[in-house]
Protein chains: 2
Amino acid sequence: MDIESTAQEKARFCGIACGSAKALPDMLKAKVISIAKSIMKLEQDDPRRLIHSLKVGLALTLVSLLYYARPLYDGFGVSGMWAVLTVVVVFEFTVGGTLSKSLNRGFATFSAGALGIGADYFAGLFGKQGEPIVLGILVFLLATAATFSRFFPRIKARYDYGVLIFILTFSLVAVSGYRVDELVVLAHQRLSTIIMGGATCMLISIFVCPVWAGEDLHRAVASNLEKLASYLEGFGGAYFQSHEDDGSGVVSKDGKSFHQGYKSILNSKNSEESLANFARWEPGHGRFRLRHPWKHYLKIGALARQCAYQIEAINGCIDSDIQASQEFKSKIEGSCKRMSAECGKALKALATAMKTMTDPSSTNPHVENSKAAMKDLKFALKAASLEDEDFLAIVPAATVASILVEIVKSVEKISEAANELSQLARFKKVEPTVSPEKPQQLLHRGIIQPVLDADSNDNVVIAIHEISTDSPENEKPGHQVPKPGQRFMEV
Amino acid sequence: MDIESTAQEKARFCGIACGSAKALPDMLKAKVISIAKSIMKLEQDDPRRLIHSLKVGLALTLVSLLYYARPLYDGFGVSGMWAVLTVVVVFEFTVGGTLSKSLNRGFATFSAGALGIGADYFAGLFGKQGEPIVLGILVFLLATAATFSRFFPRIKARYDYGVLIFILTFSLVAVSGYRVDELVVLAHQRLSTIIMGGATCMLISIFVCPVWAGEDLHRAVASNLEKLASYLEGFGGAYFQSHEDDGSGVVSKDGKSFHQGYKSILNSKNSEESLANFARWEPGHGRFRLRHPWKHYLKIGALARQCAYQIEAINGCIDSDIQASQEFKSKIEGSCKRMSAECGKALKALATAMKTMTDPSSTNPHVENSKAAMKDLKFALKAASLEDEDFLAIVPAATVASILVEIVKSVEKISEAANELSQLARFKKVEPTVSPEKPQQLLHRGIIQPVLDADSNDNVVIAIHEISTDSPENEKPGHQVPKPGQRFMEV
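Quick notes on the rules
- Each residue is numbered by its place in its chain's sequence as written, counting from 1.
- The lettering of chains begins at A and the numbering of ligands begins at 1, in the order of writing.
- This being a predicted model, a pLDDT of at least 70 is required before a residue's local features are given, and a value of 80 or more before pairs of side-chain atoms are given or counted; all residues contribute to the totals for chains, interfaces and linings.
- Side-chain numbers here rest on the full set of heavy atoms in the structure, without hydrogens or water.
- A helix here means a DSSP run of H or I that spans at least four residues, while a strand means a run of E at least two residues long, and both kinds are numbered starting from the N terminus.
- By definition, residues are in contact when any of their heavy atoms lie within 4.5 Å.
- Computed with the Shrake-Rupley method and a 1.4 Å probe, the accessible areas treat only the protein chains shown as cover for residues.
- The patches described consist of residues with a relative accessible area above 30% and no salt bridge, like charges being joined within 9 Å and nonpolar side chains (Val, Leu, Ile, Met, Phe, Trp, Tyr) within 5 Å.
- Only one rule defines a salt bridge in this text: a Lys or Arg side-chain nitrogen within 4 Å of an Asp or Glu carboxyl oxygen.
- Summed over both partners, the accessible surface that disappears when two parts come together, traced with a 1.4 Å probe, is what is meant by buried area.
- Distance and chemistry together define a polar contact, namely a pair of N or O atoms within 3.5 Å, with one atom able to donate a hydrogen and the other to accept it when in protein, and with adjacent residues in sequence counting only for side-chain atoms on both sides.
- Residues are grouped as follows: Ala, Val, Leu, Ile, Met, Phe, Trp, Tyr, Cys and Pro are nonpolar; Asp, Glu, Lys and Arg are charged; all remaining types, including Gly, are polar.
- When the copies are superposed, the least-squares fit draws on C-alpha atoms of residues that have pLDDT of at least 70 in both.
- UniProt positions are given in the numbering used here, feature names are shortened, and annotations may be inferred rather than shown by experiment.
- With a 1.4 Å probe rolled over the protein chains alone, any residue whose accessible area is under 20% of its type maximum counts as buried; one over 50% counts as exposed, and the rest are partly exposed.
- Aromatic contacts are taken between Phe, Tyr and Trp rings whose centres are within 6.5 Å, Trp giving its six-membered ring; a plane angle under 30 degrees counts as stacked, one over 60 as edge-to-face, and the others as tilted.
- In this scheme, the term charge over a ring applies when either NZ of a lysine or CZ of an arginine sits within 6 Å of the ring centre and within 35 degrees of the ring normal.
- As used throughout, the charge tally considers Lys and Arg to be positive and Asp and Glu to be negative, leaving His and the chain termini uncounted.
- Taken as the charge location is NZ of Lys, CZ of Arg, CG of Asp or CD of Glu.
- Take the buried Ala, Val, Leu, Ile, Met, Phe, Trp, Tyr and Cys residues and link them wherever side-chain atoms come within 4.5 Å; each set so joined is a nonpolar core.
- For every residue, the predictor states its confidence as a pLDDT score lying anywhere from 0 to 100.
- Every angle, taken between N-to-C directions, lies between 0 and 180 degrees, and every axis is a line fitted to C-alpha atoms, over only the stretch in contact when it is a helix.
- When describing relative orientation, an angle under 35 degrees is termed roughly parallel and one over 145 degrees roughly antiparallel, while 65 to 115 degrees is termed roughly perpendicular and anything else oblique.
- To estimate how far a helix should reach, multiply one less than its number of residues by 1.5 Å.
- With the far helix as reference, a near helix turned anticlockwise by less than a right angle produces a left-handed crossing, and one turned clockwise produces a right-handed crossing.

A.B. asks: Account for the overall build of chain A, with residues named and values stated.
C.D. replies: In terms of helices and strands, chain A carries 17 helices and zero strands. A separation of at least 24 residues holds for 83% of the contacts in chain A among residues at least 6 apart in sequence. With an accessible surface of roughly 23300 Å², chain A has 62% of that area assigned to carbon and sulfur atoms.

Have a look at this one:
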């Protein structure tokens, strides 16, 4: 029995071994195909990546001319190497990144070079014996101080590379100075080749298919608002319908994309901050002035993240294992759906306004509508009769309602921040011809509850009064303020 | 009147101007003091920063010896420069960072140098005219391909610097090859100085007050769990008491720190990932083996972030403007406080277990207790009589309860992940002497509700039965399983 099983084992092992030997070319083929696919995917996700790579190749080939062309070589000698080095290290994906690194490198090389020559002269005063000791101490002190300065958040954000090059150049110049006599000539050669390398990078990155960090930031923030919007627009339907359909807590069939989109916002802080840092180095381009308020985008980004955290919490409710009561859900369905939909519309309109750089005040009605729906919800909750309900089954739906209220507040803040941005960046005002196309200007769409008492209707009237005082611009002649009798009724 | 006011204006302007001229030294003084303060703060926050700066200074001074000492200079010539350059660029704050950059630089220089010499030989076959053209094409192709490869996330995470140096060295060698005859000697010199620079950095960073990325990651993840824990431990008291005290929705007086600590977790993803990337390069050190499961820390980190998102949502409820009903709150107070406190204790115990690298199974009772409290909450909610309540006032408290339920689930997941880590990393088992010190092993502390029907007591008994089957290790002889009669009664 033992022998038999060993023989079987052996046979199986051989089978696996032979199989895997045969499978090797197949595996290789599969590997190659998978690599090719991921290259294709990288390229399709953002075609600018391939273009960037070609630009780097171009810049590098251009500066190689310093070596190939004899007259240039005679002028610069081995220092031409520094142009190659500069191009490789300085060329970044965005214009802002390239400018930031080039300028940092240029200024740091210049100032550290000057300081290095000074240090060399100073050390020379101490005679042949003292010179290396003094230079060693100076290098140690400066390297220590400069390295420590890189821990300051402000320096780290904007001048990190400059400080690095400062240490590098100072050490090189101070140390070489001990050997090389023609220090000034060397420093001049080195600086001019670095300038040539840097200038090549800057020119190519600005004029050949430029990738502007500012534009990327602008688009990223707008697209984050869009992602939030599409979640919120889909949420009402998904939460209230899916439970009606099968009661299993699953989201709608196309739920996957609507489900996941917002998740990328949760960790967007770092990329937004680095884009904003780069954008400050960029000259005016396209629709952006030189001093475009890039910092303000970070504020909108932070508020969008805040909203995404709340969506993360509400998303947990969809998958909750506590079964919500259908009766109670139907009571809040109208106002919750409207809150979420109006928030979605407001965010979508804000995103569109940002993309087209027009005044986002057209989103105000949506924000007001969502706030009105929030008040409706409060009345619905106040009026809800709970005598026959199982309270445990109410909690999940109540939580959804409560988080939606927070989301409404959050969207209002986003809208305010976007309006501030519009003023700071002087987005163009929308022409009056656009206003009739605006989505319904309904200030209030009340729910007629299966009412407990006649007072609730009076409450609704008071709510309308509050809104109209909150936002007097809705009473402008061009707008269609619905009279109480014209109110659109849902449910 | 007009003239008078102009005169006044003038006088005021002069006053301001004179004042500001006088104030200038004061401002300078204030500026210097504020800079000094921020330096002190940086140093106090993490004294390792100053030590790191001193280490960089030391390494740089050491490699300068290559220039100062005549025998070394005769050996290496100007190539000594590359040692200085390597030290400045390669020396990172953590050992892992330094190792990653040094090794990347070493291997990239070696392989690109060899490839460059090959390319040079190949281009030489095309004659004096063809050589620069062929070399230009080769540099262009390789730079483009290598730059594109930097967009692959896996390459970007681990080999980004290596690819950069690869492009740099290949271009330099291929291009210089056209001029410099003794290419192999040059490449050899350059490689050996780079190795000397890299080795100096590696030795200093490992042996002089090392900062291990792995240890930082380990500590960061544990401290994140602690931050969550202190929020949750404080939450119950803050939410239920502050409302009782003044009803204004303000948190306890020491609330500020307990309020803000968890916020840093929300954006911890990038720093954790980069630490984990660096940690993989580090040799075994202290309590960590060579192949310590660093990747698993990212899993715990992600779960901790998930929990932080929920805390962010629950934190919004503290500041909510809707006033919660005291009556209803008192009904859920006991179980909610216990859920939050037990979650906090579980997380604190997990953090301690991680820090001491001991088996975290001692936290299981806390997790079980929080789950039991969750069940209590469900019974309390089921049993709650809602006839006289204003439902709107119940919603905020219900939301808190509902999010706490999600937090309990989240903490359970964190505990599972920490147990997995403990197995993967072979944390040492706790000695049996520790077990009596464990916090109360109460499996279930039921609330006696002002009951609606006699069934609820039966339910509690069923709950205990469920728990004991869920976690059979609680029935070991050493543990004190409370009999149903001994149950601790709250409220």
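Further notes follow.
A.B. asks: Kindly report on a nonpolar patch on the surface, identifying the contributing residues and their values.
C.D. replies: Residues and elements named next belong to chain A. On the surface, a nonpolar cluster with roughly 540 Å² of combined accessible area is contributed by Leu 58, Leu 62, Leu 65, Leu 203, Phe 207 and Val 208. When contributions to the nonpolar patch are tallied by element, the ones reaching two or more residues are α2 (48-68) and α8 (183-207). At three residues, the largest contribution of residues to the nonpolar patch is made by α2. Here Leu 58 is to be found in helix α2.

A.B. asks: Describe the interface of chain B and chain A, listing the residues and the values that go with them.
C.D. replies: Often the size quoted for an interface is simply the accessible area lost on bringing the parts together. Every contact between the two is made by 74 residues of chain B and, on the other side, 75 residues of chain A. Between chain B and chain A, roughly 7400 Å² of surface is buried when both sides are summed, and carbon and sulfur atoms account for 73% of that area. In this structure, the connection of chain B to chain A is made through zero salt bridges. Put simply, chain B and chain A have six residue pairs in polar contact (both at pLDDT 80 or more) between them. Considering each element in turn, the side of chain B that touches chain A owes the most residues, 13 residues, to helix α2 (residues 48-68) of chain B. Taken together, the residues of the side of chain B that touches chain A sort by class into 42 nonpolar, 17 polar and 15 charged.

A.B. asks: Provide a residue-level description of the environment of Thr 94 of chain A, including the pertinent values.
C.D. replies: Residues and elements named next belong to chain A. Considering the arrangement of structural elements, one finds Thr 94 in the loop between α4 (80-90) and α5 (95-124). Along the primary structure Thr 94 and Ile 206 are separated by 112 residues, whereas in three dimensions their C-alpha atoms are 9.0 Å apart. A distance of 3.1 Å separates a polar atom in the side chain of Thr 94 from the backbone nitrogen of Gly 97.

A.B. asks: Describe the relation of the copies chain B and chain A, with residues and values.
C.D. replies: Rotating chain B by 180° and translating it 0.0 Å along the rotation axis places it on chain A, where the RMSD comes to 0.0 Å. In short, the pair behaves as if placed about a two-fold rotation axis. Within chain B, the C-alpha atom positioned nearest to the axis of rotation is that of Thr 399 of chain B, 2.3 Å from it. Counting the interface residues of chain B, we find that 100% of their copies in chain A are interface residues as well, pointing to one common contact surface.

A.B. asks: Let's hear about the UniProt feature "transmembrane region" (unreviewed entry) in chain A: which residues, and what values?
C.D. replies: All names here are of chain A. Under the local residue numbering, the UniProt record ascribes the feature "transmembrane region" (unreviewed entry) to residues 50-69, 75-95, 107-127, 133-152, 159-179 and 191-213. Helix makes up 85% of residues 133-152 and strand 0%. Its end C-alpha atoms lie 30 Å apart. Across residues 191-213, the secondary structure splits into 78% helix and 0% strand, with the terminal C-alpha atoms separated by 27 Å.

A.B. asks: Mind laying out the environment of Ile 117 of chain B, listing which residues take part and the relevant values?
C.D. replies: Residue and element names in this part refer to chain B. Tracing the sequence through the fold places Ile 117 in helix α5 (residues 95-124). Sequence spacing of Ile 117 and Val 173 is 56 residues, and the spatial spacing of their C-alpha atoms is 6.8 Å. The contacts of Ile 117, once residues within four sequence positions are left out, are Val 173, Leu 183, Val 184 and Ala 187.

A.B. asks: An account of helix α4 (residues 80-90) of chain B is requested, with residue identities and associated values reported.
C.D. replies: Extensive coverage of α4 of chain B is indicated by the burial of 11 of its 11 residues. Along α4 of chain B, the positions that sit buried rather than exposed are Gly 80, Met 81, Trp 82, Ala 83, Val 84, Leu 85, Thr 86, Val 87, Val 88, Val 89 and Val 90 of chain B.

A.B. asks: Give a description of the packing of aromatic side chains that names residues and reports values.
C.D. replies: Per the stated rule, a full pass over the model turns up 21 aromatic pairs over all chains. By way of ring pairs, the aromatic residues Phe 93 of chain A together with Phe 148, Phe 151 and Phe 152 of chain B are connected into one cluster. Between the NZ or CZ atom of Lys 101 of chain A and the centre of the ring of Tyr 161 of chain A, over which it lies, the distance is 4.7 Å. Seen from the ring of Tyr 239 of chain A, Lys 329 of chain A lies directly overhead, with NZ or CZ sitting 4.3 Å from the centre.

A.B. asks: Tell me about a positive patch on the surface, residues and numbers included.
C.D. replies: Among the surface-exposed residues, Lys 31 of chain A together with Arg 154, Arg 280 and Lys 295 of chain B lie close enough to one another that they form a single positively charged patch. With respect to the element layout, Arg 280 of chain B can be found in the loop between α12 (269-279) and α13 (294-318). Residue Arg 280 of chain B is classed as partly exposed on the basis of its relative accessible area of 35%.

A.B. asks: I'd love a proper account of the pattern of salt bridges, names of residues and values included.
C.D. replies: Per the stated rule, a full pass over the model turns up 38 salt bridges over all chains. Measuring nitrogen to oxygen at the nearest pair gives 3.0 Å for the salt bridge that ties Lys 337 of chain A to Glu 333 of chain A. Of this pair, Lys 337 of chain A and Glu 333 of chain A both sit in helix α14 (residues 326-356), four residues apart, roughly one helical turn. Overall, Glu 333 of chain A belongs to the buried group, its relative accessible area being 17%. Residues Arg 150 of chain B and Asp 160 of chain B are paired through a salt bridge, measuring 3.0 Å at the closest nitrogen-oxygen approach. Of this pair, Arg 150 of chain B sits in the loop between α6 (127-149) and α7 (153-176) while Asp 160 of chain B is found in helix α7, placing the two residues 10 residues apart along the sequence. We classify Arg 150 of chain B as buried; its relative accessible area is 18%. Because the salt bridges share partners, they merge into one network encompassing Asp 46, Arg 48 and Asp 216 of chain A.

A.B. asks: Tell me about the nonpolar core, residues and numbers included.
C.D. replies: Grouped together as the largest cluster of nonpolar side chains are 138 residues, with contacts concentrated most on Leu 228 and Ile 407 of chain A together with Leu 228 and Ile 407 of chain B. What Ile 407 of chain B contacts, discounting residues up to four positions off in sequence, is Leu 232, Cys 307, Gln 310, Ile 311, Ile 314 and Cys 343 of chain B. Membership of the second largest hydrophobic core comes to 80 residues, among which are Val 84 of chain A together with Leu 60, Val 163 and Cys 201 of chain B.

A.B. asks: So what about the confidence of the model for chain A? Which residues, and what values?
C.D. replies: Residues and elements named next belong to chain A. Taken over all residues, the pLDDT of chain A has a mean of 76, while the share at 70 or more is 73%. Confidence scores differ between elements of chain A, with helix α17 (residues 455-470) showing the lowest mean pLDDT of 35 and helix α12 (residues 269-279) the highest of 91. Here residues 243-257 is a poorly scored stretch, pLDDT under 50, and it has 20 contacts once near neighbours within four places are set aside; other chains count. For residues 432-491, every residue scores under 50 in pLDDT, and the model assigns this stretch 69 contacts once sequence neighbours within four places are set aside. As a predicted assembly, this complex carries a pTM of 0.77 together with an ipTM value of 0.76.

A.B. asks: Could you give me a rundown of the side chain of Asn 369 of chain B, with the residues and numbers involved?
C.D. replies: Within the element layout of this structure, Asn 369 of chain B appears in helix α15 (residues 364-383). Here the side chain of Asn 369 of chain B touches Glu 342 of chain B through a polar contact of 3.4 Å, side chain to side chain.

A.B. asks: Residue-level account of the packing of helix α16 (residues 391-424) of chain A against helix α16 (residues 391-424) of chain B, with values.
C.D. replies: When two helices pack together, you describe them by how their axes are tilted relative to each other and by the distance separating the axes. Following both chains from N to C, one finds α16 of chain A and α16 of chain B inclined at 90°, their axes separated by 8 Å at the closest point. Accordingly, the angle class assigned to the pair α16 of chain A and α16 of chain B is roughly perpendicular. Contacts between α16 of chain A and α16 of chain B involve Phe 391, Ile 394, Val 395, Ala 398, Thr 399 and Ser 402 of chain A on the former and, on the latter, Phe 391, Ile 394, Val 395, Ala 398, Thr 399 and Ser 402 of chain B. Split by residue class, the contact of α16 of chain A with α16 of chain B holds eight nonpolar, four polar and no charged.

A.B. asks: Could you give an account of helix α13 (residues 294-318) of chain A, with specific residues and numbers?
C.D. replies: Between its first and last C-alpha atoms α13 of chain A spans 36 Å; for 25 residues at 1.5 Å apiece the expected length is 36 Å, and the two agree. Of all 25 residues in α13 of chain A, 19 are buried; the element is thus mostly enclosed.

A.B. asks: Outline the environment of Asp 26 of chain A, supporting the account with residue identities and numerical values.
C.D. replies: All names here are of chain A. Locating Asp 26 in the fold gives a position in helix α1 (residues 2-45). Judged by relative accessible area, which is 52%, Asp 26 ranks as exposed. When the C-alpha atoms of Asp 26 and Glu 215 are compared, they prove to be 44 Å apart, with 189 residues separating the residues in sequence.

A.B. asks: Give a detailed account of the packing of helix α14 (residues 326-356) of chain B against α16 of chain B, specifying residues and quantitative values.
C.D. replies: Residues and elements named next belong to chain B. It is the contact of α14 with α16, at a shortest axis distance of 10 Å, that shows an interaxial angle of 20°. Relative to α16, the element α14 lies roughly parallel. When you trace α14 past α16, the crossing you get is left-handed. Across the contact of α14 with α16, the residue classes tally to 21 nonpolar, two polar and one charged.

A.B. asks: Before we move on, could you go through unusual backbone geometry and cite the residues and values that matter?
C.D. replies: Look at Arg 426 of chain A: it is not a glycine, yet its phi comes out positive at around 50°. As for its placement among the helices and strands, Arg 426 of chain A is situated in the loop between α16 and α17. Residue class for Arg 426 of chain A comes out exposed when judged on its relative accessible area of 64%. At Met 357 of chain B, a position not held by glycine, the phi torsion is positive, near 55°. By secondary structure assignment, the location of Met 357 of chain B is in the loop between α14 and α15.

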